[in-house]
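# Topology and contacts: notes
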Amino acid sequence: MDKKTFVSSLEELSKKYSVVNEMYVSFRPGRIVIRCGKGRFAFVYDFAADGPEPDAEFVPMLHWRNKRKYTELKSILDAKIIEDPRGMRIHHIVPRDEFAASLKNLIIYETDLAEFLTGQSVRHIFADFTGDVYTNCIASTSGNIKISMELGFSPAGSEPVLLHEVIARTGIASDLAVDTQMVQYPIYVINGERVTHYNEIDNELYGLDNTQAECIRYILDVLRDTGSVAGLQAQYRHLNAVYAAAQRTKDALKYEEVV
Amino acid sequence: MRKINVAISSLTHAHVRKYYQTLHDNAKLSWVAVSCEDEDIASHFKTLGFDVPVYASTEQMLTEHPEIEGVVVASENNRHLQDMELCCQYKKNMLSMKIPSFDLEEYDRMIRMVKDADVICQVELEMHYNPAARRVMDLVREGAVGDVISFNATNITLSPVWAFPWQGKPEVSYGKKVPLREGDPRFRGGALSDHPHIFDMLRWITGSDFDYVFADVADNLRDIPEEDILYVTGRMKNGCKFLLDPSWSRHEEHLTRPGVGWEVFPKRMEVNYSIVGTEGVIQADCFGPNVYFNGGPNNRYTVQYTYFDEWIGMMDEFYDCIVEHKQPKINLEWHRKTIEAMVRCYDSIASGQPVWIK
């Protein structure tokens, strides 16, 4: 993480939108701790290392909720452009990095995202794991939406394999173009055998890695409305319960209820 | 070059139209007759310009054309046994549709009949003749991604039930009416019954057989009496995991005859693989990329497929097997384990738990 740029960008946007007057940012492994006039908050993004932070409110960093393509998918569902979701397909196969360090991170990411998009909560899950490298899951929500998830890690430097497709009674919404398999980018630079792509989608946070940009926007949203923290903590307890159910199904190989 | 005489019995299967051009074009085949009980379908066939006589029954066709050597058995699923019995009785080699039968006892009878009659029976699993699928198989065998951890595949399409109504009738598609699960008004025979290919490919790519399957079915997109959205996961006996999507998850216009404007979603059919190995990932689209248009009756943006050559290679193999009198790669006995795994997926849906396969 480019800590210097991260902090300066966070402070700049915080001032621009009058979120907090001053903030002190420190980085700990898997978390960003922020002290400001509204309190002290530990934004945790490594869910495999989610112990408490002394004198700080625990806030799960559900940063994907601020990813533009997901907020647009959600708006398609919220506006009932497509209605009555029945199924959802998720692929998330990426190289490990600090935001995707373990399968627990991926399961929490994708479970929360599916719930965020559909407005329903996962009640049952079946998962089969290959160590901490890969898992296939089928989950079922409170409204009987079935979700298939292919989650895992590819070698360092690999292109990400990502798909989020909602299949509804009246239509389909997806973050991948029809007749393509891989994530597309706004910019490709072609130099002989080498192709470099750029993914500039946030002008206010120009040049920053997109996940870090999402984290900044997520932090600002939470600080703007610190009353949301209790709800986020409850959601994190639920996501941990989904993960625990997935772990149980690994041993028992049965459709596990999330309790 | 020796030519063989072939015929099609029944014109009701969704794939039958794929054979028309192939049988017409292949210089090694002489297309001598078709049989069709349905007058409407027979009338339509006569408008297509193929100079082939149409008979009202398969038996009549076989009686009038003793020169027939191979028959494409293109009937509805619940008719396959009866058609195969006839072909065996008349000692005709057969190309079976992709689901010979879901009744495993009936399936075993088919195997015995074919053996006793000493005829060839090839099963139509055309993905084996798809060039992208073939390349993927080569890549996996060459170790392009190391050891395979998981084979994931889609075989998702629109629902054919409006164009091929028998696929919407559980007793015809599955062979009998079996409820999906207790309290569910739907029956077996929908999307899963239409999509054996990825179950078969999984066996070829992993070189292993099914250890267990777990399947769950969503609420339907359509008002039909069978499942249309489901997901299947499980493990092969060599430890390889899999996740399969054999759904009818692409929306369609309710056309009674496939044609331009069928699609609501731009791509009506996909077979995609995602193969995760210890050293990398293969992403493959067996039917893409393509060309695109907007137009047609609804002026929708639509994928126009650019290669659909599977039936050419399949009919070449059928020809070779007849000439050399050898059983094909995809024969009834091989295919039984694929069919059994699909039946066990239905059992898993019924029980809500994984089903282990001996």
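Residues numbered from 1 in each chain as written. Chains lettered and ligands numbered in written order. Predicted model: local features only at pLDDT ≥ 70, side-chain atom pairs only at ≥ 80, totals over all residues.

### A look at the overall build of chain B
- In terms of helices and strands, chain B carries 11 helices and 15 strands.
- Its C-alpha atoms give chain B a radius of gyration of 20 Å, within 12% of the compact-globule value 21 Å for 358 residues.
- Along the first, second and third principal axes, the C-alpha atoms of chain B reach 55 × 50 × 45 Å.
- Within chain B, the proportion of its 358 residues that are buried is 51%.
- Intrachain contacts of chain B at a sequence separation of at least 6 include 69% that bridge at least 24 residues. (Helix = DSSP H or I, 4+ residues; strand = E, 2+ residues; numbered from the N terminus. Rg over C-alpha atoms; globule rule 2.2 N^0.38 Å. Buried ≥ 20, exposed ≤ 12 C-beta atoms within 10 Å, placed from the backbone. Contact = placed C-beta atoms within 7 Å.)

### Observations concerning the overall build of chain A
- Across its full length, chain A holds five helices and 13 strands.
- Against the 2.2 N^0.38 benchmark of 18 Å for 259 residues, chain A shows a C-alpha radius of gyration of 19 Å, consistent with a compact globule.
- Looking at chain A as a whole, 39% of its 259 residues are labelled buried.
- Considering only intrachain contacts with a sequence separation of at least 6, the fraction spanning at least 24 residues in chain A is 56%.

### Considering helix H1 (residues 3–16) of chain A
Residues and elements named next belong to chain A.
- For H1, built from 14 residues, the straight-helix expectation of 20 Å at 1.5 Å per residue is met to within 8% by its first-to-last C-alpha distance of 20 Å.
- Turning to H1, its buried residues number three or more, namely Phe6, Ser9, Leu10 and Ser14. Burial along H1 is one-sided: seen end-on, the buried residues are contained in an arc of 130 degrees. The outward face of H1, more than 90 degrees from its buried face, is lined by the exposed residues Lys4, Ser8 and Lys16.
- Where the residues of H1 are buried, they touch strand E1 (23–28) and helix H4 (210–224).
- Downstream of H1 by a residue or two, Ser18 has a phi angle that is positive, lying close to 50 degrees. (Expected span 1.5 Å × (residues − 1). Arc of directions from axis to C-beta.)

### Structural notes on the interface of chain B and chain A
- Each partner contributes to the interface: chain B provides 36 residues, whereas chain A provides 34 residues.
- Mapped by element, the contributors of at least two residues to the side of chain B that touches chain A are strand E7 (148–157), strand E8 (210–217), strand E9 (230–236), strand E10 (241–245), strand E11 (269–277) and strand E12 (280–285) of chain B.
- For the side of chain B that touches chain A, the element with the highest residue contribution is E12 of chain B, accounting for four residues.
- The class makeup of the residues in the side of chain B that touches chain A is 14 nonpolar, 14 polar and eight charged. (Nonpolar A, V, L, I, M, F, W, Y, C, P; charged D, E, K, R; others polar.)

### Considering the domain arrangement of chain B
Residue and element names in this part refer to chain B.
- For chain B, the assigned domains read domain 1 (4–127 + 311–331) and domain 2 (129–307 + 338–356).
- Contact residues are listed per partner, giving 17 residues for domain 1 and 22 residues for domain 2.
- Within the residue set of the side of domain 1 that touches domain 2, elements represented by two or more residues are helix H5 (104–117) and helix H10 (310–324).
- Residue classes in the side of domain 1 that touches domain 2 are distributed as eight nonpolar, five polar and four charged. (Domains from an automatic or database assignment.)

### Quick notes on the sheet that holds strand E3 (residues 39–44) of chain A
Residues and elements named next belong to chain A.
- Pairing is mixed across the open sheet formed by four strands, whose spatial order is E1-E2-E3-E4. One side of each edge strand has no neighbouring strand; the edge strands of this open sheet are E1 and strand E4 (57–60). Between one strand axis and the next, the sheet turns by 25 degrees as a mean value, whatever way the strands run.
- Pairing of strand E2 (residues 31–36) with E3 involves six bridges; the strand directions are antiparallel. Within E3, the position partnered with Ile32 by the bridge is Phe43. (Pairing = 2+ DSSP bridges. Axes fitted to C-alpha atoms, helices over the stretch in contact; angles between N-to-C directions.)

### Quick notes on the sheet that holds strand E10 (residues 171–174) of chain A
Residue and element names in this part refer to chain A.
- Spatial strand order, E10-E9-E5-E8-E7-E6-E13: seven strands in an open sheet with mixed pairing. Across the chains shown, the open sheet's two edge strands, defined by having one partner strand only, are E10 and strand E13 (256–257).
- Here helix H5 (residues 229–252) sits on the sheet and contacts strand E6 (122–130), strand E7 (134–141) and E13; the angle it forms with E6, its principal contact strand, is near 50 degrees.

### A closer look at the pairing of E7 of chain A
All names here are of chain A.
- Along E7, eight of the eight residues are buried, which leaves the element largely enclosed by surrounding structure.
- Burial along E7 is two-sided: the face carrying Tyr134, Asn136, Ile138 and Ser140 and the face carrying Thr135, Cys137, Ala139 and Thr141 are both buried.
- Bridge count for E6 against E7 is eight bridges, and the pairing is antiparallel. Across the sheet, the residue bridging to Asp128 is Asn136, located in E7.
- Where E7 and strand E8 (residues 146–154) come together, seven bridges link them in antiparallel fashion. What sits directly across from Ile138, in E8, is Ser148.

### Observations regarding the packing of helix H3 (residues 103–118) of chain A against H5 of chain A
Residues and elements named next belong to chain A.
- Remark: H3 packs on H5, axes separated minimally by 10 Å, with the N-to-C direction vectors making an angle of 120 degrees. The orientation of H3 with respect to H5, classified from their angle, is oblique. In the packing of H3 onto H5, the handedness of the crossing is right-handed. Listed contacts from H5 to Lys104, Ile107, Ile108, Thr111 and Asp112 of H3 are Gln235, Leu239, Val242, Tyr243 and Ala246.
- Residues belonging to the contact of H3 with H5 are distributed by class as follows: six nonpolar, two polar and two charged. (Parallel < 35°, antiparallel > 145°, perpendicular 65-115°, else oblique. Left-handed = near helix turned anticlockwise from the far one by under 90°.)

### Examining the environment of Arg217 of chain A
- Along the chain, Arg217 of chain A turns up in helix H4.
- Distance from Arg217 of chain A to Ser14 of chain A, taken between C-alpha atoms, is 9.4 Å for residues 203 residues apart in sequence.

### Things to note about the pairing of strand E11 (residues 187–191) of chain A
Residues and elements named next belong to chain A.
- Burial analysis of E11 places just zero of its five residues in the buried class, which makes it a mostly uncovered element.
- Inspection of the sheet shows E11 paired to strand E12 (residues 194–198) by five bridges, in the antiparallel sense. Considered in E12, the bridge of Ile187 is made with Tyr198.
- Remark: two residues form the turn of the hairpin made by E11 and E12, two consecutive strands paired antiparallel; Gly192 in that turn has positive phi of roughly 60 degrees.

### Digging into the nonpolar core
- Among the nonpolar cores identified, the biggest contains 164 residues, and Phe43 and Ile125 of chain A are the most heavily contacted of them.
- Both domains that meet at this core, namely domain 1 (4–127 + 311–331) and domain 2 (129–307 + 338–356) of chain B, each give it at least three residues.
- Contacts of Phe43 of chain A, omitting those with residues within four sequence positions, involve Arg31, Ile32, Ile34, Val59, Met61 and Ile219 of chain A. (Core = buried A, V, L, I, M, F, W, Y, C linked by C-beta atoms within 7 Å.)

### Overview of unusual backbone geometry
- At the junction of Gly288 of chain B and Pro289 of chain B, the peptide bond is cis and its omega measures out at -5 degrees in the coordinates.
- Position of Pro289 of chain B relative to the elements: it lies in the loop between E12 and strand E13 (291–295).
- Despite not being glycine, Ser18 of chain A has its phi angle at roughly 50 degrees, a positive value.
- By the secondary structure assignment, Ser18 of chain A is in the loop between H1 and E1.
- With phi around 55 degrees, Lys91 of chain B is a residue other than glycine that occupies positive phi space.
- The residue Lys91 of chain B is located in the loop between helix H4 (80–89) and strand E5 (93–96) in this model.

### Some thoughts on helix H11 (residues 332–351) of chain B
Residue and element names in this part refer to chain B.
- When the terminal C-alpha atoms of H11 are compared, their 28 Å separation across 20 residues agrees well with the 28 Å that a helix rising 1.5 Å per residue should span.
- Those residues of H11 that fall on the buried side of the exposure criterion are Leu332, His335, Thr338, Ile339, Ala341, Met342, Val343, Arg344, Cys345, Tyr346, Ser348 and Ile349.
- Following H11 by one or two positions, Gly352 adopts a phi angle in the positive range, close to 75 degrees.

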